[in-house]
Each structure stands twice: as C-alpha cells, then as structure tokens.
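If you want the building blocks of each chain, they are given just below.
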Amino acid sequence: MLVTPENDRSKSESAELREKIAALDAELTEDFNAQFAVTPFLSRKIVSFQGNKDKPAYNWYKYKEAFSASLVEYFLGSYDGQISGKVLDPFAGIGTTLFAASSQGIPADGIELLPIGQEIIHARLLSEREMSSDDLATLEHWITSLPWKECPERVSFSTIRITENAYPQKTVEAIERYRGALPQENEKIQTILQFALLCILEGISYTRKDGQYLRWDARSGRKRPGTKAFDKGKILAFDAAITAKLKEILSDIRDIETPLTLFPNKRTVKDIKLFNGSCLEILPTLEAAAYGAVMTSPPYCNRYDYTRTYALELAMLGLTQAEVSGLRQEMLSCTVENREKDLLKICPQWTPFIEAANQQKLLQAIYAYLGHEKASGNLNNSSIPRMVRGYFSEMACVIGECARVLKPNARLFMVNDNVRYAGVSISVDTILSDIARSLGFEVENILVVPGKKGNSSQQMGTYGRAPLRKCVYVWRKR
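Residues numbered from 1 in each chain as written. Predicted model: local features only at pLDDT ≥ 70, side-chain atom pairs only at ≥ 80, totals over all residues. Heavy atoms only, no water.

Caption draft 1: A look at helix α6 (residues 169-181). For α6, spanning 13 residues, the distance from its first C-alpha to its last is 19 Å, which sits close to the expected 18 Å at 1.5 Å a residue. Every buried residue belonging to α6 is among Thr171, Val172, Ala174, Ile175, Glu176, Tyr178, Arg179, Gly180 and Ala181, and all of these are buried. Against the buried residues of α6 lie α5 (133-145), α7 (187-204), α8 (238-254) and α11 (311-316). (Helix = DSSP H or I, 4+ residues; strand = E, 2+ residues; numbered from the N terminus. Expected span 1.5 Å × (residues − 1). Buried < 20%, exposed > 50% of the residue type's maximum accessible area, 1.4 Å probe, protein only. Contact = heavy atoms within 4.5 Å.)

What follows is the structure, given as structure tokens:
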C-alpha cells in the first residue's frame, strides 16, 4: 500500500484510540477486581454443550450453543433456599435451564425465538409427560419395521437457498417416504418422529455446522473457487441414522419408569412454560417481580448467524426464505446482517436502558474505534460497528427488563464470551456488568472459566494472539 500522510495520520489515530480503550478497560477491570474469581468447576465442558453429551434426553439433539444441565444444577443448588418462585430463561434455546430447573422441582419459564428450539422443547415435554404404553409400542414398530420403506406416499420438504441439494438423492427419497408415513400416527407420535428426523439432518447431509455457517462437503458439488475441498467424513445412511436415534429416544423414555429414573421429578414438567418469540417483544409483557432467578446465555457478540447454522432444520420445519430472513432480523443483534432495531418502538419505557449503554465510557471508546476503522477501510465487514452497537443497546434492554421481572434480592446468572474486533478485545463481561450495576443490580461475581480461548486466525495473523475470557456473571437485584 502506498504510504501517504493520510495513512500515517489514520494509523496514529487508530493507535491513540486503542490506547484509550486499553486504559478504560484496565480501569473497569480494576473496578471489578474483587468480583473476579477463577472457578475450577466451570470448565469449558460444563459451560458448553459438551457437558450434556452423556446426559440422556439433553443429548438427543446436538445444540452446540447450549450450556450443560450440570451448570444449571450447580447454580440453582448453590443458592438453594434463596430462590423463591419461578426461574426465567429469556434465551431458552433447547430448554436446558427449563428441564434442569424442573428436575429440581423449580417451575421455569422460557422464551425462544427459533422454531428449532421451540420444536425440541415441545417434543421433550411430550416425551416426559404423556407417553402411553401404546405410544412406546408404536415407536418400537417404527424402529423394527421401518414402515416408511413401504409407504406409497412421499411428502416433499421445502428448501431455502442455503440448503439446496444438501442431501444425496437416495436420502431425499427416504426423507420424503418417512414424512409420507407420519400422518398414519397420532399427533404426539408425529411430533416425536419429526423431532428424531431433525436430530439427524446434519449427519445425513453434505453439511457440517461450523461456527458462522454451514460447511459443505466436496461431494455436494458446492465449492467456492479458491477454497480447499472439505471432506466431512462418513455421511450417514438415512435408515441407520433414524433408527439409531429412535432407539436412543425410546430407551431414555423407558428409563423414566425404572428406579434409576431419568427424570426424578417427572410431575414437575407441567410447570414448564414456553413463550414463542423474541425476548425483546415478550419480556415487557411479563409481570414485574415475578421470578426468583434468571439463568441464561444470550447469543454472543461473535457474528454467528443461527438462521444459517440451523438452516437445514428450519427448512425441514417448513420455513420459507422470507421467514428465515425475518427471523434473522428479530434475533438479538449478533450478526452483521442485523439491521438497527427501533427499540423505543418496541417499548417506549426503555429510554433509561438505552442511555445506560450510551453512557458506558469503555463502550463509547470501542464504538469510536470501530467507526474509525470502518472509515479507514480496515474492517473485513463494514457492518461490524452497527452490530456491536445494536448488541449492547439490546442487551441493556434485556438486562433492564430482567431487573424489572426479578424479585428483590433475586439473582441473574449469565454465561457469555468476550470478543475481539480489529485487534481490540471487547470485555463484554465488565461492560455488561457495569450496565447492570446502573440498572439496579449488584455485581456479586464474575466467575471466570479456567483457560482462555483464542480468537480467529485472521485476527491473530494481523494483530497477534489475545486470549479471551469466558465468564458466568452473578448479579443480584438490589
């Protein structure tokens, strides 16, 4: 690149802004020094889906963005006797908080936007509440007799742009026959069978979930010019994959009736309630001071687009391209395609929450730096500043609403990651904790997961390695 006085000036301004961010970050970190604690129990396995890999029912569907049931049990158990009333998870995902709280006899409400999460929670509730001996016999019949293979009816499924030609042709035909056989069963069994199908889609496809997107196997014929061919390994045959999943589900359901019951408080699942939709829309409708705790993990500010990651499942559930695009805009701003939301139109009472984010000094310095890097052409995506600003403004509104719906002295537990853009680490933990402090919370702890994760190879190649904290925040409503 040609060196000019303008380039030198821009680099100097970037360096000054980074120095300002570093100073404000150090100041805020010192402010919360007494609250930071490295907690050995909080391994990366416990704060991620890995902790559910051996837990029946929780491991039926591989939802990589989930935390483990053990994490919920740990926190609810640690504050046993201090939680009065229901638990709320405004980002319910596949319902880990709801089912883990329920297993301890604590009623739980959840809010979930994505239809895949809603479908998984619904199927689990059915499997725990209402499965008769006839229902179990029907599932056994599907495992042993494979009724879809002889089904004359074939029900096609929709695709969106990102899922076109995602399966081998034989697999497409098998899925259509399987779907064609579903209407012969009652609604409950259809739900379980469809859920099992959703569980295996990645394994029988040419795709693999890979962070921000679906990665395509070279056998699909979809390869971007200049990229290395990708081999995901074995692509599962439909019949073997679906029968294995149904066996797993049936075995776990049957264990409910054994002395080593899978769900020790089965009766409590009636106390699980799910609100379908965006937490930004639903939180303002909830009763004030109604909850004894909030346990959640919001989307991270990391550009991951869940509508792409779970595109196979959304398409199989019948969503159109327009509906998927609409979901993307309803999500908390965590991807560069999110447009700015009119938060005061959603709830006119949110002005103090938005101001809490606007007055956070470190955050304003980060916004200034990202804006400068955008103007200098140094960002790999010009929408990053908008996404980061949207994320923190919306999270401030979520935090403010959580303070409103929590009872006095009730706690909010939140799992979240710090992130890095344009060489600057963004301390999501201290920024959100500072915002929470201004909105009625006392920051009791910022519990640090031992070991720090790295950042993208692109970031490290340009700016060097900067390990990032992953934490669980413990805030108490004053």
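Next comes the rest of the account.
Caption draft 2: A look at the pairing of strand β7 (residues 291-296). Judged by how many residues are buried, β7 sits mostly within the fold: 6 of 6 residues are covered. Sheet topology places strand β2 (residues 86-89) next to β7; 3 bridges connect them, and they run parallel. By the bridge assignment for β7, Leu88 is matched with Val294. With 5 bridges joining them, β7 and strand β8 (residues 406-417) adopt parallel strand pairing. (Pairing = 2+ DSSP bridges.)

Caption draft 3: Structural detail: a positive patch on the surface. A cluster of like positive charges, contributed by Lys45, Lys53, Lys62, Lys64 and Arg208, occupies part of the molecular surface. Along the chain, Lys45 falls in the loop between β1 (36-38) and α2 (69-78). (Patch = residues over 30% accessible without salt bridge, like charges linked within 9 Å, V, L, I, M, F, W, Y side chains within 5 Å. Areas by Shrake-Rupley, 256 points an atom, 1.4 Å probe, with all protein chains shown as cover. Salt bridge = Lys/Arg side-chain N within 4 Å of Asp/Glu carboxyl O. Lys, Arg positive; Asp, Glu negative; His and termini not counted. Charge placed at Lys NZ, Arg CZ, Asp CG, Glu CD.)

Caption draft 4: A look at the environment of Gln190. Tracing the sequence through the fold places Gln190 in helix α7. With a relative accessible area of 27%, Gln190 lands in the partly exposed category. For the pair Gln190 and Val294, spaced 104 residues apart in sequence, the C-alpha to C-alpha distance is 33 Å. If near-sequence neighbours (up to four positions away) are discounted, Gln190 is found in contact with Leu182, Pro183 and Glu185. Engagement of the side chain of Gln190 in a polar contact is seen with the backbone oxygen of Glu185, the distance being 2.9 Å. (Polar contact = N/O pair within 3.5 Å; in protein donor to acceptor, adjacent residues only side chain to side chain.)

Just distances and angles here, no functional claims.
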